[in-house]
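Residue-level structural notes
Next come the chains, spelled out residue by residue.
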Amino acid sequence: MIYKAGSGHPGGSLSATEILVALYFEILEENDRFFLSNGHVCPALYAVMAEKGLISKDDLGTYTELGSALQGHPERTKLKDIMNTSGPLGLGLAQAAGYAAIKKDSFVFCMTSDGEHDEGNHWEAVNFAAKYNLGNLIQFVDRNKIQIEGTVEEIMPLGNLKEKYEASDWNVIEIDGHNFSEILSAVEKAKTLKDSPCVILASTIFGKGVSFMEGNPDWHAKAPTDEEYKKAIEEINQNG
Amino acid sequence: MDKDTKLKSVRDGFGEALVEIGEKNKDVVVLTADLADSTRVKEFAEKFPDRFFQVGVAEQSLVTVAAGMAEAGKIPFTTSYAVFSPGRTFEQIKVTVALNDLPVKIIGAHAGFGASMYGATHESLEDIALMRVIPNMVVVSPCDFEEAKKATVAVAENGKPSYLRLARQDTEVITKKEDRFEVGKVNVLRYGEKPEVAIIGTGPILVEALKAAEELKKVGIDAMVVNCHTIKPIDVEGIVKAARVCGAVVTVEEHQIAGGMGSAIAEVLAKNFPVPIEFVGVKDSFGESAKSWEELWEKFGLKSKNIEEAVRKVITRKRT
């Protein structure tokens with residue numbers, strides 16, 4: 001998708017893939033809802049939605065094209081199966097929290113990136129969710145440790161995220177974000193924690209599965225060349 | 001003004017109507033950023049505690065949490081001072097409310113010079129401009145207590161992202177309960193007999209426009225006064241009609257001239273029926289502290305005498 005479009009965000013898309021697959025194929029039940037906050041990883045979202053049959057696989061080739069439902073950042077009015085328009089960072093958790101405060105009978109999931117934890121709006125939502133005891137709110141943090149211009153540690157260190165969330169009266173579960181059984185068991189546990197919201201800190205690898213992208217901030221927003229594309233697909237296929 | 005004229009505020013009209021709507025429509029929820037009392041939602045909070053959310057001094061969360069609630073089927077009213085929301089929350093409003101086309105209501109209180117004692121940081125003179133450039137957004141600026149009540153009910157029911165601009169100060173109630181109010185349609189407050197100029201204003205400053213029209217009458221100048229309470233969608237037909245009848249327009253607002261109601265009217269007339277226009281408003285400057293908003297209306301040239309001067313100017317331009 002990113003190769004064909006000539007633009008997009010491969011690093012974050014690859015770090016978030018397993019969580020998105022788990023959400024769409026195993027976790028989300030009929031009344032549950034999912035808010036993607038770090039909308040720039042939408043190539044992964046669109047691919048998972050196509051695999052699930054929510055959008056046509058043929059449409060994937062239209063990503064970012066004029067008139068496509070698959071916008072460069074996801075848009076709710078153009079793609080009906082998503083909950084929220086996203087892309088500008090730090091907004092998704094608050095929208096998920098607002099929804100969760102009203103729909104107490106459903107589980108509301110949200111994915112955020114670690115980079116967007118720089119945003120004040122995000123932490124305002126952290127406080128809101130704790131104050132209103134949103135035990136039905138479950139947040140995945142794609143902790144890939146990379147943001148646009150470098151590592152999270154260089155650009156704006158987040159300190160100890162686990163302790164920060166705990167100090168804000170959130171439940172915290174730490175997992176390997178590429179391990180399906182860890183993702184699923186974390187969600188099972190989070191669902192039992194009914195008095196306060198839960199964050200699943202998912203340690204991931206930016207650009208996972210493509211050796212030359214892994215951990216390299218240059219691949220935040222860049223399309224591969226013909227040669228890079230070929231090599232990346234070979235590596236992903238090899239790793240199965 | 002008569003000694004016994006009753007002064008009431010736009011924000012009180014809002015607060016009263018909100019409670020009435022809350023009783024009728026259980027989907028109405030209210031969120032505030034630590035300003036329940038001064039934005040007049042305290043009564044709603046006391047009557048409907050389950051539908052009231054205090055988000056703290058966190059305007060960004062105020063708007064984005066409300067967007068999530070609207071996604072869940074609610075009609076959220078979010079209240080803060082206009083300088084903070086929409087002042088601080090422009091992007092949240094654009095992306096999570098307007099681009100999602102959700103019926104979140106942005107209530108900008110203390111708009112204009114009403115918070116005069118707090119100085120420039122708390123005086124919102126840019127909010128109309130900010131909100132009227134966003135697609136899907138409805139922008140309403142009621143002129144008095146009665147109109148605020150009607151405007152509150154109207155935006156609650158319109159199913160659209162909406163901005164409601166509220167003044168803090170107690171001012172003369174110039175509309176009546178039985179007056180027609182329709183979002184997107186101007187109201188003529190004073191027809192005149194053979195008006196030479198249409199004074200088109202928005203918000204409580206219309207009191208000054210009416211005063212100016214009375215003064216002008218004494219010197220033989222007949223003026224129509226038009227209440228443009230809805231800035232978006234703008235009433236093209238009503239504005240063109242006023243311009244056609246009068247042949248000259250003066251716009252009046254407690255807001256920057258740049259980007260405000262006057263600009264919206266100039267856009268309409270430039271395209272449809274060009275006539276000479278003069279603008280009364282704040283001329284590209286910040287506000288400042290004063291004991292009362294009236295001192296600032298004086299200092300920034302928003303009084304009836306300033307409107308009269310603009311009328312004379314525009315009539316001269318029309319005649320030459």
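Each value, and the rule that gives it
- Residues numbered from 1 in each chain as written.
- Chains lettered and ligands numbered in written order.
- Predicted model: local features only at pLDDT ≥ 70, side-chain atom pairs only at ≥ 80, totals over all residues.
- Helix = DSSP H or I, 4+ residues; strand = E, 2+ residues; numbered from the N terminus.
- Buried ≥ 20, exposed ≤ 12 C-beta atoms within 10 Å, placed from the backbone.
- Contact = placed C-beta atoms within 7 Å.
- Nonpolar A, V, L, I, M, F, W, Y, C, P; charged D, E, K, R; others polar.
- Pairing = 2+ DSSP bridges.
- Axes fitted to C-alpha atoms, helices over the stretch in contact; angles between N-to-C directions.
- Core = buried A, V, L, I, M, F, W, Y, C linked by C-beta atoms within 7 Å.
- Domains from an automatic or database assignment.
- Expected span 1.5 Å × (residues − 1).

Our next topic: the overall build of chain A. Within chain A, the regular secondary structure consists of nine helices and seven strands. Looking at chain A as a whole, 49% of its 240 residues qualify as buried. Of all intrachain contacts in chain A linking residues separated by at least 6 positions in sequence, the fraction that spans at least 24 positions is 75%.

A separate point is the overall build of chain B. Secondary structure summary: chain B contains eleven helices and 14 strands in total. Buried positions account for 61% of the 320 residues belonging to chain B. For chain B, the proportion of contacts with a sequence separation of at least 24, taken over those separated by at least 6, is 79%.

With respect to the element layout, E172 of chain B can be found in strand β8 (residues 170-172). Put simply, E172 of chain B and P86 of chain B are 86 residues apart on the chain and 26 Å apart in space, counted from C-alpha to C-alpha.

What follows deals with the interface of chain A and chain B. Between chain A and chain B, the residue contacts involve 23 residues of the former and 22 residues of the latter. Elements represented by at least two residues in the side of chain A that touches chain B include exactly α4 (92-102) and α5 (120-131) of chain A. At eight residues, α4 of chain A tops the list of elements feeding residues into the side of chain A that touches chain B. Taken together, the residues of the side of chain A that touches chain B sort by class into eleven nonpolar, eight polar and four charged.

All names here are of chain B. Across the sheet, which stays open at both edges, the five strands sit in the order β9-β11-β10-β13-β14 with mixed pairing between neighbours. Since the sheet does not close on itself, it has two edges, and those belong to β9 (187-190) and β14 (277-282), each with one partner. The sheet shows a mean angle of 25° between the axes of neighbouring strands, taken without regard to direction. As defined by bridge partners, strand β10 (residues 197-201) adjoins strand β11 (residues 223-227) across five bridges and the pair is classed as parallel. Looking at β11, one finds that A198 is bridged to M224. Packed onto the sheet, helix α11 (residues 304-319) meets β10, β11, β13 (249-256) and β14 and runs at close to 160° relative to β14.

Another point: the sheet that holds strand β7 (residues 198-203) of chain A. Residue and element names in this part refer to chain A. Ordered by their spatial adjacency, five strands build an open sheet running β1-β2-β3-β7-β6, and the pairing between neighbours is parallel. At either end of the open sheet lies a strand with only one pairing partner, and these are β1 (33-36) and β6 (171-176). The sheet shows a mean angle of 20° between the axes of neighbouring strands, taken without regard to direction. As judged from the six bridges shared by strand β3 (residues 137-143) and β7, these two strands associate in the parallel manner. For V141, the partnering residue across the bridge sits in β7 and is L201. Sitting on the sheet, α4 touches β1, β2 (108-113) and β3, and the angle it makes with β2 is about 170°. Running at roughly 170° to β6, helix α8 (residues 180-192) makes contact with β3, β6 and β7 of the sheet.

All right, on to the nonpolar core then. Core analysis: the biggest nonpolar cluster contains 171 residues, and A97 of chain A together with I199 and V311 of chain B have the highest contact counts within it. With eight residues, the single largest contributor to this core is α4 of chain A. Among the domains, domain 1 (7-172) and domain 2 (187-319) of chain B are the pair contributing at least three residues each to this core. Apart from the residues lying within four places of it in its own chain, the contact partners of A97 of chain A are A125, F128, A129, L134 and L137 of chain A together with V65 and G68 of chain B. Counting five residues, the second largest nonpolar core, distinct from the first, contains V210, M213, W219 and A232 of chain A.

It is worth spelling out the environment of I236 of chain A at this point. Residue and element names in this part refer to chain A. If you trace the backbone, I236 turns up in helix α9 (residues 226-239). For I236, a count of 13 C-beta atoms within 10 Å gives the class partly exposed. Setting aside residues no more than four positions away along its own chain, I236 makes contact with G209 and V210.

Right, let's talk about the domain arrangement of chain B for a bit. All names here are of chain B. Each domain of chain B was delimited in the assignment, giving domain 1 (7-172) and domain 2 (187-319). Domain 1 and domain 2 are separated by 26 Å when their C-alpha centres are compared. On the side of domain 2, 29 residues touch domain 1, which itself brings 29 residues to the contact. Among the elements of the structure, α5 (127-132), β6 (138-140), α6 (145-157) and β8 are those that each provide at least two residues to the side of domain 1 that touches domain 2. Partitioning the side of domain 1 that touches domain 2 into residue classes produces 15 nonpolar, seven polar and seven charged.

Time to look at α9 of chain A. Its 14 residues give α9 of chain A an end-to-end C-alpha distance of 20 Å, which sits within 8% of 20 Å, the value for a rise of 1.5 Å per residue. Judged by how many residues are buried, α9 of chain A sits mostly at the surface: one of 14 residues are covered.

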